[in-house]
Amino acid sequence: MIPRTGLSAVSAALLAMNRQLEVRDVLQTIVASARELLGARYAALGVPDDHGGFAQFVVAGVSEEQWRAIGPLPRQHGVLAAMLEEATPQRLADVREDPRFGGWPGAHPVLSDFLGMPIADDEQVLGALFLANKECPSDAPDAAEEGKRCRFTEEDEELLALLAQHAAIALTNARLYERSRELTLTSERARIATELHDAVAQKLFSLRLTAQAAAALVDRDPARAKEELQEVAALSAQAADELRAVVTELRPAALDEDGLVATLRTQAQVLDRAHTASVTFSSHGVRALPAAQEEALLRVAQEAMHNALRHADATEVGVALLRSGPGAVLTVRDDGRGFDPAGVHGAGRHLGLVSMRDRAHGVGGRLDVRSEPGRGTVIEMEVPGG
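About the cut-offs
Residues numbered from 1 in each chain as written. Predicted model: local features only at pLDDT ≥ 70, side-chain atom pairs only at ≥ 80, totals over all residues. Heavy atoms only, no water. Helix = DSSP H or I, 4+ residues; strand = E, 2+ residues; numbered from the N terminus. Areas by Shrake-Rupley, 256 points an atom, 1.4 Å probe, with all protein chains shown as cover. Pairing = 2+ DSSP bridges. Axes fitted to C-alpha atoms, helices over the stretch in contact; angles between N-to-C directions. Contact = heavy atoms within 4.5 Å. Polar contact = N/O pair within 3.5 Å; in protein donor to acceptor, adjacent residues only side chain to side chain. Right-handed = clockwise from strand over helix to strand, strands pointing away. Buried < 20%, exposed > 50% of the residue type's maximum accessible area, 1.4 Å probe, protein only. pLDDT = per-residue confidence, 0-100. Salt bridge = Lys/Arg side-chain N within 4 Å of Asp/Glu carboxyl O. Disulfide = S-S within 2.5 Å.

1. Points about the overall build of the protein
Piece 1. Along its length, the protein carries nine helices and 10 strands.
Piece 2. Roughly 20,900 Å² of accessible area belongs to the protein as shown, and the carbon and sulfur atoms make up 51% of that amount.

And the structure:
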């Protein structure tokens, strides 16, 4: 039975695990939470690979210098292998006395009492979590007696098993999130490749033909040759605009360094310079949001601006980001040709709207699209806060 004094700490640990979206962050949070809750000096979590080693291995209680001095990642052997292969907990008074113990590198800290727990999703073992060297509370009876140590108890094992169950959920969710991001990136690369072909490549082809026509007319019709060369200049400028826009989308957004507001402002400024249309940005009262929400807002804004500038022939595009309670509302408004949202048949536009809706729903938000032929388009996305 978990003492009531520890329930808030357990709740905080579980919430912390489920707030993370990146696998590495989830692993670090699991290890730090387990170490703190059970009062261990050391904690570690290994995610196995298919070659007898570990694809990822995170630790707590060991400094960066100590970790570098220890050397390569451990292999799947001894007690760690037992947790992975048998999917059973391991609680040992002294790991060094276990017949499976095979030693450790010279710089490795000395471990004695040991508590290990597999992290499993149904029958699949996702990782091995272990704690070592339980530290006595200052008011524990053993703490006053020199030479004595506290040991991991059956209650500790039950608590670690509870954490491991929730860790499996958090780790599985993080893996699914990273997989969805990979699929999204693949989709975006395919879309950008299509844009390069449809927009830039076709303009370059036209540019080549026009230049050839101008060369053929230079001697016999200088006036027409001059007109063709003016067309060459115009096509070159358009191709440059398209290429700049595509490169802008390929460049990773500096969300971590600059934040969402500064990143969106920069994106709008770049597009304003790259296109003949006016692109403006305004913001008021927006607080920092969870990373997933900020990325979703940025990508939807990019997609909406892309549609307005390349497909809608807009002359003005306005982007606004406003605070809405703990969350935010993004609005992208253009004066382009507009369309009927209920009757979209163009593949590019259709896929763009689907992608934007998926991004909004993926972070618990909503997306509204308002447009009419000849009346421009308004894209509005609202996301909750953290």
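2. A word on the sheet that holds strand β2 (residues 54–60)
Piece 1. Strand order in the open sheet made by the five strands is β2-β1-β5-β4-β3, with antiparallel pairing throughout. Looking along the sheet, the strands with just one partner apiece sit at the ends: β2 and β3 (90–92). Taken pair by pair, the neighbouring strands of this sheet meet at an average axis angle of 10 degrees, ignoring direction.
Piece 2. Alignment of β3 against strand β4 (residues 114–121), held across three bridges, turns out to be antiparallel. From the neighbouring strand, R91 faces β4, where its bridge partner is L115.
Piece 3. Together, β1 (40–48), β2, β4 and β5 (124–134) form the strand contacts of helix α2 (residues 23–38), whose direction differs from that of β2 by roughly 40 degrees.
Piece 4. Sitting on the sheet, helix α4 (residues 78–86) touches β1, β2, β3, β4 and β5, and the angle it makes with β5 is about 145 degrees.

3. Concerning the side chain of N133
Piece 1. Tracing the sequence through the fold places N133 in strand β5.
Piece 2. At a separation of 3.0 Å, a polar atom in the side chain of N133 contacts the main-chain carbonyl oxygen of V110.

4. Points about the sheet that holds strand β6 (residues 278–284)
Piece 1. Strand order in this open sheet of five strands is β6-β7-β8-β10-β9, and the pairing throughout is mixed. Each end of this open sheet is capped by a strand with a single partner; those strands are β6 and β9 (366–371). Sheet twist, expressed as the mean angle between neighbouring strand axes with direction ignored, is 10 degrees.
Piece 2. Where helix α8 (residues 291–310) meets the sheet, it contacts β6, β7 (316–324), β8 (327–334), β9 and β10 (377–383), and its direction lies at approximately 5 degrees from that of β8.

5. Examining the pairing of β7
In regular strands, side chains alternate between the two faces of the sheet.
Piece 1. In this sheet, β7 lies alongside β6 in parallel orientation, the contact comprising seven bridges. Across the sheet, residue S283 finds its bridge partner in β7, namely L321.
Piece 2. Tracing the backbone out of β6, into α8 and back to the parallel element β7 gives a crossover that is left-handed.

6. Topic: α4
Piece 1. Within the sequence span of α4, burial applies to V79, L80, A81, A82, M83 and L84.
Piece 2. In this fold, the buried residues of α4 make contact with β1, β2, β3, β4 and β5.
Piece 3. After α4 finishes, the residue A87 shows a positive phi value of roughly 55 degrees.

7. Some thoughts on the confidence of the model for the protein
Piece 1. Scored by pLDDT, the protein has a mean of 79; 77% of the residues are at 70 or more.
Piece 2. Low confidence marks residues 1–5, where pLDDT is under 50. Its contacts with residues over four positions away, or in another chain, come to five contacts.
Piece 3. Low pLDDT, under 50, characterises residues 143–147; the stretch is placed with three contacts to residues that sit more than four places away or in other chains.

8. A short note on the pattern of salt bridges
Piece 1. Counted according to the given criterion, the structure contains 10 salt bridges.
Piece 2. The partner of E157 in a salt bridge is R91, with the nearest N and O atoms 2.8 Å apart. With E157 in helix α5 (residues 154–217) and R91 in strand β3, the pair connects residues that are 66 residues apart, well separated along the chain.
Piece 3. Across the pair R96 and D94 runs a salt bridge, and its minimum N-O distance is 3.0 Å.
Piece 4. We classify D94 as buried; its relative accessible area is 17%.
Piece 5. Each member of the salt-bridge network shares a partner with another, and the members are R366, D368, E380 and E382.

9. Looking at the environment of V58
Piece 1. Within the element layout of this structure, V58 appears in strand β2.
Piece 2. Residues V58 and L45, spaced 13 residues apart in sequence, show a C-alpha to C-alpha distance of 5.5 Å.
Piece 3. Beyond its immediate stretch of four places on either side in the chain, V58 contacts R24, L27, Q28, V31, A43, A44 and L45.

10. Considerations on the state of the cysteines
Piece 1. According to the stated counting rule, one finds one disulfide in the structure shown.
Piece 2. Residue C136 pairs covalently with C150 via a disulfide, S to S 2.1 Å. Because the sign of the S-S torsion sets the handedness, a value of about 125 degrees for the bond joining C136 and C150 places this disulfide among the right-handed ones. With C136 in the loop between β5 and α5 and C150 in the loop between β5 and α5, this residue pair connects regions lying 14 residues apart in the sequence.
Piece 3. Judged by its relative accessible area of 26%, C136 is partly exposed.
Piece 4. Classification of C150 as buried rests on a relative accessible area of 11%.

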